[in-house]
Amino acid sequence: MRVSDASPIWIRPARGARGPQPTHSRDEIVEAAIALADAEGLAAVSMRAVATALNTGAGSLYRYLSSRDDLLDLMTDRVVTGLRPFPDPAGEPVDSLTVLAGRQLALYRRHPWAIDLLHRPTGIGPEALAWFDHCLGVLAPVPCGSAAKFEALAMMTGVVTLFARSESAVPPPAFTGLDLTVYPHLVAAFADPGARRPDLFDRTLRGLLTALLYD
């Protein structure tokens, strides 16, 4: 019997009330799906593929979940647990948020597919709420209003996503055969040893957060 989808996945029972005794837990299903996404990408995650990984039939998964969307939501919230334990605020709020943003970036590096899931409206589960609650706690000493704080956190996540996508993007092909001398400014920029700043993430984030929170 399929689990009812009348309520959010976060508050539903872990499995339907009827049917044979479970052979797998919801946690096992989610972990198998995450392992599949890490290895082959999000497109590889289907109810059938996850069931195969667990040596069971796809129909049996519907005793725990109503749809693939339920599974994606649970995967999203599960990987967000990788942001724990939340570090205690230390020093200026912008410093603390920069540390938290670094954790977000590390999470995306471990699970690149999560970039496409963390912004799903239905994917905001208990762990995501705990994360944002912690970030707002970090910002408690800042005298600006709640709207500015929400904007700052949204932009922080946007910067993290931008850098994560940039890191995972396929490099462009070499400009073989092109006469680059007709692009002197571009050639000079790439030849500059300081063209790539290793601290670009921190500098970008600090500048943006400071402008939004203390303007």
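Because the structure is predicted, anything quoted here is derived from the model rather than measured.

Per the UniProt record, "DNA-binding region" (unreviewed entry) is found at residues 46-65. Secondary structure within residues 46-65 divides into 55% helix and 0% strand; the distance between the first and last C-alpha atoms comes to 12 Å.

This part covers the nonpolar core. Ranked by size, the top nonpolar core spans 56 residues in total, and within it V50, L71, M75, L97, W113, M156 and L213 carry the most contacts. Of all the elements in the fold, those that place two or more residues in this core are helix 1 (26-40), helix 2 (47-53), helix 3 (58-61), helix 4 (68-80), helix 5 (93-110), helix 6 (126-138), helix 7 (146-168) and helix 9 (200-214). The element contributing the most residues to this core is helix 7, with 8 residues. Excluding residues within four positions of it along the chain, V50 makes contact with I29, A32, A33, L36, V45, L61 and L71.

Within the secondary structure layout, F163 lies in helix 7. For F163, a relative accessible area of 18% corresponds to the buried category. In sequence terms F163 and Y108 are 55 residues apart; their C-alpha atoms lie 9.7 Å from each other.

So, about the packing of aromatic side chains. Inspection of every chain in the model, using the stated rule, returns 2 aromatic pairs. Centroid distance F86 to W131: 5.8 Å. Interplanar angle 65°. Geometry classified as edge-to-face. Here W131 lies in helix 6 and F86 lies in the loop between helix 4 and helix 5, a separation of 45 residues in the sequence. Between F163 and F201, the ring centres sit 5.2 Å apart and the planes meet at 80°, which makes this aromatic pair edge-to-face. In this pair, F163 sits in helix 7 while F201 sits in helix 9, placing the two residues 38 residues apart along the sequence. Residue class for F201 comes out buried when judged on its relative accessible area of 11%.

What counts and what doesn't
- Residues numbered from 1 in each chain as written.
- Predicted model: local features only at pLDDT ≥ 70, side-chain atom pairs only at ≥ 80, totals over all residues.
- Heavy atoms only, no water.
- UniProt positions renumbered as here; feature names shortened; annotations may be inferred.
- Helix = DSSP H or I, 4+ residues; strand = E, 2+ residues; numbered from the N terminus.
- Core = buried A, V, L, I, M, F, W, Y, C linked by side-chain atoms within 4.5 Å.
- Buried < 20%, exposed > 50% of the residue type's maximum accessible area, 1.4 Å probe, protein only.
- Contact = heavy atoms within 4.5 Å.
- Phe/Tyr/Trp six-rings, centres within 6.5 Å; stacked < 30°, edge-to-face > 60°.

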